Amino acid sequence: MAVGYVSVALAVLLQFSAWLPVSLQCSVSENQTGQVIRLLNIMVQSENSSAANGFAPNPSILLALRLASYHDNATERGMLGRLQADAVNRVQKGLTFSSGTVALYCMAMQACCADPSLTPAPGLKGGKKVLDMIKLLERKLKGEIENIDSKHVPLTNYYQVGLDILALCMMGKPVTSHSVQRLIAASDNGGFSQGKSYSVDTASIAVLALTCMRRSVKPHVSVILSLKIQNALNRLIKNILQETKSDGLIGNIYSTGLAMQALSVASTYNCSSTFQTVLEHVVSGSFENPMAASQVTPSLENRNYLELNKLDCKEFKKIPAVLPLPPAPPTAQQGVLTIHYTVEDGIHNIFKDHIDVKVPAGSSLLRVMEEAAKISPAKFSFTVVQSSWGPFVSSIQGLAGNTNDQTYWQFLSGSTALDQGVADYKPHDGEIIVAKFSKY
Ligand code: B12
């Protein structure tokens, strides 16, 4: 009886709360649209400059631009053409093309209403006029799954396996139940963790992929698979929600956008405090990195990757004129900063070197590392590889991270892992920065 009263009271409360304006704020209101436009401009400007420099476009950015309600037609069209040309070039020359990159290329093409299986390829070997990106993605996913079967780890990572399944499913292509079950098994057996922390980003992509699969698998054809997918989704949603912080962020600020997409398609959650905190971060400049902007923008307008094949490619609402960005606020610290920088082999414990570095206020961690390398190259020289997020530190003191061994250079402030890369993170005076060779 008591339970009955409680549930009636709860039902009334839930109905009532639906009328409270605060619970409705899960996407930008009219007077907040400027923040979305600012992020769109950051992405458009970065793409225009990479086009001018002959760099390949970023498919995550094209995806985000296509999902937005405002558009820059010329940039999007130009990006699609360059994306198609880059895919053909990579295949022709046998350049690196990871499975997740192929998946993002396919999703971006699809969002532009271009069929990825008919990618124009004028100079392809064998007289073929088109490149079939879907077949390529199927082969890439097969490679990932075979590696999991034989070596218990994907060729890349489970974030990319999730992207592969999501892209194939969004293109209406069958995904083997074995592949889906490999993703589910990883989600249950710690495959989504990086070191000590749970990757909300990976879990969110898996939720989007599995939600797409759940919608496409006919329950009467495969009752068991449908049930397995639904149960996995329930567990993933629970895990993601468990990572919610007191300010509403889920994981960290850079995973929250993807988490919002996942939660909005697969469950009901109180999005308002999450949304408000994300918006505050947009205002305070946490998303100046165009890749970060691309992953958060869809959720600011309550959009998600499962909508990418429903977009209208004719109707464009132009992005209002580029608003002049306000000048960057003056950095609180002026003058010179001292950073205590340590480089440590945390796996074989062979070396641990320390240096105090002086840099001008407002310098990035990359600048600190460059200064350290100038002073003592034998101990602090390092290499980077460029990625969609900026420079990724691949080796320090000649010791390089490796996907097979699951090793990498992790960056910490004291004992807390940084949530930005070395080019974006700006250390403060007296900060202890540790680069630690670690396992993930
Ligand atoms: C997998 C992963 C890793 C793996 C990559 C190796 C592997 N096994 O593939 C490992 C564990 C090594 C890693 C390391 C780091 N990561 Co990481 N990573 C991811 C994750 C979950 C997926 C990346 C991916 O495969 N994308 C898909 C493919 C197709 O795109 P891609 O651009 O080709 O992917 C490559 C790059 O993204 C690169 N990479 C991965 N992480 C980072 C971080 C930075 C700053 C850079 C420049 C490059 C980079 O490795 C990918 C595989 O080759 C993303 C989540 C996300 N939301 O994007 C976080 C993510 C990109 N990482 C992040 C961070 C902060 C880091 C670290 C700086 C953490 C730290 N404190 O040390 C380090 C990088 C330090 C360094 N050496 O420079 C943040 C970046 C946020 C930001 N604003 O910059 C993200 C968004 C996670 C988060 N929510 O905090 N990462």
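1. Some points on the pattern of salt bridges
What the rule picks out here adds up to twelve salt bridges. The shortest N-O distance in the salt bridge between aspartate 188 and arginine 235 comes to 2.9 Å. Here aspartate 188 is found in helix H9 (residues 177–188), whereas its partner arginine 235 is found in helix H11 (residues 223–242), with 47 residues between them in sequence. Look at aspartate 188 and you get partly exposed, because its relative accessible area is 39%. Salt-bridge contacts for glutamate 371 lead to lysine 374; the nearest nitrogen and oxygen are separated by 3.4 Å. One end of the pair, glutamate 371, and the other, lysine 374, are both in helix H15 (residues 365–375), three residues apart, so they sit about a helical turn from each other. Its relative accessible area of 17% is what places glutamate 371 among the buried residues. Lysine 374 sits in the exposed class, given a relative accessible area of 64%. What emerges from the salt-bridge pattern is a single network uniting Arg367, Glu371 and Lys374.

2. Some remarks on the pairing of strand S5 (residues 336–345)
Counting buried positions over the ten residues of S5 gives eight, a clear majority of the element. Here S5 folds back onto strand S6 (residues 352–360), and the loop between the two strands holds six residues, one of which, asparagine 349, carries a positive phi near 50 degrees. The pairing of S5 with strand S12 (residues 432–439) spans six bridges and is classified as parallel. Pairing of valine 343 across the sheet is with alanine 435, part of S12.

3. Observations regarding the state of the cysteines
Summed over the entire model, instances satisfying the criterion amount to three disulfides. Here cysteine 113 connects covalently by a disulfide to cysteine 313, the sulfurs 1.9 Å from one another. Across the S-S bond of cysteine 113 and cysteine 313 the torsion is about 85 degrees, and the bridge reads as right-handed. On the criterion of sequence distance, the pair formed by cysteine 113 in the loop between helix H6 (99–111) and strand S1 (119–120) and cysteine 313 in the loop between helix H14 (290–300) and S5 is long-range, its members being 200 residues apart. Looking at cysteine 113, the relative accessible area reads 49%, which means it is partly exposed.

4. As for a nonpolar patch on the surface
Side chains of Val223, Ile224 and Leu227 sit close together on the surface and give an oily, nonpolar patch of about 310 Å² of accessible area. With respect to the helices and strands, valine 223 occurs in helix H11.

5. Some details on the domain arrangement of the protein
Size of an interface, as often reported, equals the accessible area lost when the parts are brought together. Domain parsing of the protein yields domain 1 (26–310) and domain 2 (336–439). The C-alpha-based centres of domain 1 and domain 2 are spaced at 29 Å. Tallying the contact residues gives twelve residues for domain 1 and eight residues for domain 2. Both faces considered, domain 1 and domain 2 share a buried interface measuring about 820 Å² in area, 54% of it formed by carbon and sulfur atoms. When the buried surface of domain 1 facing domain 2 is broken down by residue, Tyr254, Asn289 and Met291 rank first, second and third, together holding 49% of it. The interface formed by domain 1 and domain 2 includes zero salt bridges. If you look at where domain 1 meets domain 2, you find three residue pairs in polar contact (both at pLDDT 80 or more).

Calculation rules
- Residues numbered from 1 in each chain as written.
- Predicted model: local features only at pLDDT ≥ 70, side-chain atom pairs only at ≥ 80, totals over all residues.
- Heavy atoms only, no water.
- Salt bridge = Lys/Arg side-chain N within 4 Å of Asp/Glu carboxyl O.
- Helix = DSSP H or I, 4+ residues; strand = E, 2+ residues; numbered from the N terminus.
- Buried < 20%, exposed > 50% of the residue type's maximum accessible area, 1.4 Å probe, protein only.
- Pairing = 2+ DSSP bridges.
- Disulfide = S-S within 2.5 Å.
- Patch = residues over 30% accessible without salt bridge, like charges linked within 9 Å, V, L, I, M, F, W, Y side chains within 5 Å.
- Areas by Shrake-Rupley, 256 points an atom, 1.4 Å probe, with all protein chains shown as cover.
- Domains from an automatic or database assignment.
- Contact = heavy atoms within 4.5 Å.
- Buried area = accessible area lost by both parts, 1.4 Å probe.
- Polar contact = N/O pair within 3.5 Å; in protein donor to acceptor, adjacent residues only side chain to side chain.

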